[in-house]
Structures are given as structure tokens and as C-alpha cells.
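Examining the three-dimensional arrangement
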Amino acid sequence: MTQASSDFPYLASHWSTIRQRVDAACREAGRDPAEVSILPVSKTFGPEVIRAAVALGLHRFGENKVQEIRDKAGPLADCGIDWVMIGHLQTNKTKDVARLASEVQSLDRPELAEALHRRLQIEGRVIDVLVQVKTSREESKYGLPPEQLPDFLDMLRGYDTMRVRGLMTLAIHSSDPQEVRACFRLLRELRAQANAQGHDLKRLSMGMSGDFPLAIAEGATEVRIGTAIFGSRPYPDDYYWPEITK
Ligand SMILES: *Cc1c(COP(=O)(O)O)cnc(C)c1O
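When you tally the buried positions in strand 4 (residues 101-107), you get 6 out of 7 residues, the bulk of the element. Bridge count between strand 3 (residues 82-85) and strand 4: 3 bridges; the pairing is parallel. Residue W83 lies in a different strand from strand 4, and its bridge partner there is A101. What joins strand 3 to strand 4 is helix 4 (residues 94-100), and the crossover it makes is right-handed. Pairing between strand 4 and strand 5 (residues 127-132): 3 bridges, direction parallel.

Below is the structure:
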């Protein structure tokens, strides 16, 4: 039996609510809502829910772990989904990403770029990538240090398996909107600097369920939304970002 979106009635209303909130944030910021897309983040949610989201017209989904992409890609093979890797990627796990992901937003270090390039060559694939930059001073957060971005972008020019489309970041976990916004502003400035040096970075993936209006105000072209679409997750966030807390 095919799962219908009516089996998850909240999905359609969550989706239209978040789209309206994103549109409102765009207008507030004086931006055209058409400039900002939403990447649904389906981590921890199973194939049935994702299939229902596909029935609503969604076809790109962000996942934080390679294992989850692998587990879901099979059962959903008929859905034509573009899987987007947004979580920390270990160098020894690039094989499945090279095979299954249409895009990687968490490219954050030279060793990873090299490993992924090799795997993509084997697969004969070319994918879009975003460089994840560490924009907060929190000790353990993943992401390339901003000062290393120019060299990293120059290095990526040598890899014809990856099209560098822009930058991605996670803002600081803070209740102070100014601190959060400073992270997003830094990402926008880094893109401007890179483009002034001859790169062509169009996209800024920044903002999540709790902070997307600030990201949109600073120029996000894409917000990554999990909770506000799929509901709260069964695991705490330190399951995904083990190094942040503890
Ligand atoms: C989980 C996750 C999101 C979405 O977070 P929500 O707060 O549920 O919207 C965005 N980006 C990354 C990298 C994530 O891991």
C-alpha cells in the first residue's frame, strides 16, 4: 500500500506554516521570498513520513548521518529524492555519500575534499557542494576556520567532481540574537570576499527552525528546517553534535 500524505495530516499544515513564516521573514527583511528556499531536514524520521512529504511535492531532504541516507535511500528509491548531506562526515564514510547524495553541505576540510573527490571519480559523479564554515567561537563546532577559506576554495578548483555553490554554517547556540546574527553576517561577508577573489558562490545555507528569521535578514538563500516540519526528534541534539555539549 502506498503511504498517503493523509497518514501524516500535520505535515501539510506544518509545511504551509513554515513557508508562510519564511515568506514573512523575507518581507520583513525587504527580500523577495522567491530567493529563499527551504531544505526539509528529515533526520531520525523514517521512510513513511518522508514518502508523505514527497506527496506534498518535496523532493530534497537534508540528512545528518551517512547511515540514515543509506537506510532510507533503498525504500524510497522510487521517489526521485535528492539527498543532501548536512552533517559531519568522516573521511572513511565518503563512499556511500559519493554514491547516494546529490549534494554535500558539510565539506569542511582538505582531507575530506580529497577523499570525497576520489570516491566521486570512482562513481563517475559530479555533485554540488557547500563549504561549511565555523562562524562561532564555540570550541568544538565543526566547520572550516574562516581564515582557511581562501586556500580551501583555491584547492577545490582542482577537483572537477565538485561544483562549489556556496557556504553553509551553524550559528552559535545562544539566546542572544545579536550573537546568532553575527555568525550569519560573517558567512555573508566571507562569501563577498570569496567572490571578490574570483569565485562564484551564490548560495548561503544558514538558519534552522529556531533562528531562520535572523539568517534570512543576513542573506540566507536556503534555510534548513527539521523540527518545524517533522516535529521534535526522539534524540537530543548532542546525538548529532556530540562535541558541542558534554
Ligand atoms: C538538524 C539540523 C538542522 C535542522 O534543525 P531544526 O532545529 O530541527 O530545524 C539544520 N542543520 C543541520 C546541520 C542539522 O543537523
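Next comes the rest of the write-up.
So, about helix 5 (residues 110-123). With 14 residues, helix 5 ought to run about 20 Å at 1.5 Å a step, and its terminal C-alpha atoms sit 20 Å apart, in line with that. Taken as a whole, helix 5 has its buried residues at L112, A113, A115, L116, H117 and L120. The elements touched by buried residues of helix 5 are helix 4, strand 4, strand 5, helix 6 (149-156) and strand 6 (162-168). In the stretch just after helix 5, G124 is the one whose phi turns positive, near 65°.

The tally for this structure, following the rule as stated, stands at 3 aromatic pairs. A centroid spacing of 6.3 Å and a plane angle of 90° characterise the contact between F8 and Y10, whose relative ring orientation is edge-to-face. Between F45 and F230, the ring centres sit 5.5 Å apart and the planes meet at 25°, which makes this aromatic pair stacked. Taken together, the residues span a long stretch of sequence, with F45 in the loop between strand 1 (37-40) and helix 2 (47-55) and F230 in helix 9 (residues 227-230) at a distance of 185 residues. Residue F230 is classed as buried on the basis of its relative accessible area, which comes to 3%.

If you check the shell around the ligand, you find 13 residues, and the closest are K43, N64, S209, T227 and R233. Here an oxygen atom of the ligand and a side-chain polar atom of T227 are 2.5 Å apart. At a separation of 2.7 Å, an oxygen atom of the ligand approaches a polar side-chain atom of R233. When the free accessible area of the ligand is taken as 390 Å², the share hidden by the protein chains comes to 96%. Classifying every residue of the shell around the ligand by side-chain character gives 6 nonpolar, 4 polar and 3 charged.

This part is about the side chain of R31. Along the polypeptide, R31 turns up in the loop between helix 1 (9-28) and strand 1. Relative accessible area serves as the criterion here: at 16%, R31 is assigned to the buried category. Polar contacts involving the side chain of R31 include one to the main-chain carbonyl oxygen of A220, which spans 2.8 Å.

Every buried residue of helix 6 is listed here: L149, F152, L153 and L156. The buried residues of helix 6 all sit within an arc of 100° when viewed along its axis, so they share a single face. If you follow the buried residues of helix 6, they end up packed against strand 4, helix 5, strand 5, strand 6 and helix 7 (177-196).

As a further point, take the pairing of strand 5. Strand 5 sits mainly inside the fold: 6 of its 6 residues count as buried. By the alternation rule, side chains of strand 5 split into I127, V129 and V131 and D128, L130 and Q132, which are all buried. Taken together, strand 4, helix 5 and strand 5 form a β-α-β motif whose crossover is right-handed. As paired strands, strand 5 and strand 6 are joined by 6 bridges and run parallel to one another. The residue of strand 6 that forms the bridge with D128 is R163.

Even without a glycine there, the phi angle at T44 is positive, about 75°. Its location among the elements puts T44 in the loop between strand 1 and helix 2.

Analysis parameters
- For every chain, the first residue of its written sequence is number 1, and the numbers climb from 1 along that sequence.
- For a predicted model such as this one, the threshold for reporting local features is a pLDDT of at least 70, and the threshold for listing and counting side-chain atom pairs is 80 or more; totals across whole chains, interfaces and linings nevertheless cover every residue.
- Hydrogen atoms and water are omitted, and side-chain values are computed over all heavy atoms in the structure.
- Burial classification: accessible surface area is computed with a 1.4 Å probe over protein chains only, and a residue below 20% of its type maximum counts as buried, one above 50% as exposed, and the rest as partly exposed.
- By definition, any uninterrupted DSSP run of H or I lasting at least four residues is a helix, any uninterrupted run of E lasting at least two residues is a strand, and each is numbered from the N terminus.
- Only strands that DSSP links by at least two bridges are regarded as paired with each other.
- By definition, the crossover connecting two strands over a helix is right-handed if that path, from the first strand to the second, turns clockwise as seen with the strands pointing away from the viewer.
- Here a helix's expected span is defined as the number of its residues, less one, multiplied by 1.5 Å.
- Any two residues whose heavy atoms approach within 4.5 Å are treated as being in contact.
- Pairing of aromatic rings covers Phe, Tyr and the six-membered ring of Trp, with a centre-to-centre limit of 6.5 Å; geometry is then stacked below 30 degrees between planes, edge-to-face above 60, and tilted otherwise.
- Working definition: residue near molecule or strand if any one of its non-hydrogen atoms lies within 4 Å of it.
- Counting of polar contacts relies on pairs of N or O atoms within 3.5 Å, with two restrictions inside protein: one atom must be capable of donating a hydrogen and the other of accepting it, and residues adjacent in sequence are counted only when both atoms are side-chain atoms.
- Residue exposure ignores everything except the shown protein chains as possible cover, and the areas themselves are Shrake-Rupley values with a 1.4 Å probe.
- Following the grouping adopted for this structure description, the nonpolar residues are Ala, Val, Leu, Ile, Met, Phe, Trp, Tyr, Cys and Pro, the charged ones are Asp, Glu, Lys and Arg, and the polar ones are all others, Gly among them.
- Relevant arc is that of directions from the helix axis to the C-beta atoms, nothing else.

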